[in-house]
Amino acid sequence: FFGFVLATMMSLVSTHVILHVHRKVHYHSNSDSSAIEEAESAGMKARGGLGSTFMVVAGLAGLFSIVFYVVGCVVDTFQITNTRGDVSFSVDYSVASVGMALPESQVDPNDVGTRFIQVMWFFLCIVMPLWCTLLFGI
């Protein structure tokens with residue numbers, strides 16, 4: 001599991017480096033300094049020819065997606081039914097409740113590895129999707 005988390009984080013970092021280099025080459029490859037300054041001062045909106053209406057709609061869509069995602073993280077989305085002999089019981093889970101229940105599944109709930117897995121669960125399942133939504137919206 002730890003190798004998977006490490007590989008995922010390395011992939012994320014390398015993707016950000018590639019995007020940085022791509023933007024540097026794409027937006028700053030023009031040797032005319034006045035064109036570079038004009039492009040930088042105009043921003044991405046002017047470069048892409050995006051109108052104000054599109055920007056408002058895109059902003060509201062991003063905001064709604066964040067709200068729906070957060071609500072989806074706390075709403076019980078799946079159910080597990082346990083059967084032990086004649087006794088059967090169901091437990092409802094959400095993304096947040098699974099993360100909160102991770103220490104209960106271990107012998108030592110305060111172990112460093114257990115807490116690391118719990119932190120990575122919340123980081124990769126809740127924080128990173130929200131962070132990416134914000135980054136792509138800028």
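Residues numbered from 1 in each chain as written. Predicted model: local features only at pLDDT ≥ 70, side-chain atom pairs only at ≥ 80, totals over all residues. Heavy atoms only, no water.

Chemist: What should I look at first to understand the overall build of the protein chain in this one?
Modeler: If you tally the helices and strands in the protein chain, you get five helices and two strands. Secondary structure elements of the protein chain, listed N to C terminal, follow the sequence α-α-α-β-β-α-α. Classification of the 138 residues of the protein chain by burial places 11% in the buried group. When contacts within the protein chain are restricted to residue pairs at least 6 apart in sequence, those whose partners lie at least 24 apart make up 33%. With the model as given, the accessible surface of the protein chain reaches about 10,300 Å², and the carbon-plus-sulfur share is 68%. (Helix = DSSP H or I, 4+ residues; strand = E, 2+ residues; numbered from the N terminus. Buried < 20%, exposed > 50% of the residue type's maximum accessible area, 1.4 Å probe, protein only. Contact = heavy atoms within 4.5 Å. Areas by Shrake-Rupley, 256 points an atom, 1.4 Å probe, with all protein chains shown as cover.)

Chemist: I keep staring at the state of the cysteines and nothing clicks. Help me out?
Modeler: Formally, a disulfide is one covalent bond, and it connects the sulfur atom of one cysteine to the sulfur atom of another. Per the counting criterion, the structure on display carries zero disulfides. Looking at Cys73, it has no disulfide partner, and the nearest cysteine sulfur is the one in Cys125, 7.8 Å off. (Disulfide = S-S within 2.5 Å.)

Chemist: What's the story with the environment of Val74 in this structure? I'm lost.
Modeler: Among the secondary structure elements, Val74 is positioned in helix H3 (residues 52-74). Residue Val74 is classed as exposed on the basis of its relative accessible area of 55%. For the pair formed by Val74 and Ala96, sequence separation is 22 residues and the distance between their alpha carbons is 5.6 Å. Excluding residues within four positions of it along the chain, Val74 makes contact with Ser94 and Ala96.

Chemist: In this structure, what is going on with the confidence of the model for the protein chain? I would like to understand it.
Modeler: Close reading of the predicted structure is inappropriate where its pLDDT is low. Of all residues in the protein chain, 79% attain a pLDDT of 70 or more, and the chain-wide mean is 79. The spread of mean pLDDT over the elements of the protein chain runs between helix H2 (residues 33-48), the lowest at 56, and helix H4 (residues 95-101), the highest at 90. (pLDDT = per-residue confidence, 0-100.)

Chemist: Can you help me understand the packing of aromatic side chains in this one?
Modeler: Each pair of aromatic rings is reported with the distance of its centres and the angle of its planes. All told, the structure shown has two aromatic pairs when counted by the stated rule. An angle of 25° between the planes, with centres 5.8 Å apart, marks the rings of Phe78 and Tyr93 as stacked. Placement of Phe78 in strand E1 (residues 78-84) and of Tyr93 in strand E2 (residues 87-93) is noted, with a sequence separation of 15 residues between them. Residue class for Tyr93 comes out partly exposed when judged on its relative accessible area of 23%. (Phe/Tyr/Trp six-rings, centres within 6.5 Å; stacked < 30°, edge-to-face > 60°.)

Chemist: Can you help me understand the side chain of Gln118 in this one?
Modeler: For Gln118, the position within the fold is in helix H5 (residues 112-137). If we skip the residues at most four places from it in the chain, Gln118 touches Gly99, Met100, Leu102 and Pro103.

Chemist: Explanation requested: the pairing of E2 in the structure shown.
Modeler: On a regular strand, one side chain projects to one face of the sheet and the next to the other, so that they alternate. In terms of strand pairing, E1 meets E2 through seven bridges, oriented antiparallel. Across the sheet, Ile80 pairs through a bridge with Val91, a residue of E2. (Pairing = 2+ DSSP bridges.)

Chemist: What exactly am I supposed to notice about the environment of Gly113 here?
Modeler: Take Gly113: it is sitting in helix H5. Taking the C-alpha atoms as reference points, Gly113 and Pro103, ten residues apart in sequence, are found 9.9 Å from one another.

Chemist: What am I meant to see in a nonpolar patch on the surface here?
Modeler: On the surface, Val56, Leu60, Leu63, Phe64, Val67, Phe68, Val71, Val74 and Val75 cluster together to form a nonpolar patch covering roughly 840 Å² of accessible area. Note that Val75 resides in the loop between H3 and E1. (Patch = residues over 30% accessible without salt bridge, like charges linked within 9 Å, V, L, I, M, F, W, Y side chains within 5 Å. Salt bridge = Lys/Arg side-chain N within 4 Å of Asp/Glu carboxyl O.)

Chemist: Hey, could you run me through the side chain of Thr114 in this one?
Modeler: On the secondary structure map, Thr114 appears in helix H5. Contact partners of Thr114, with chain neighbours within four places excluded, come to Leu102, Pro103, Gln106, Asp108 and Pro109.

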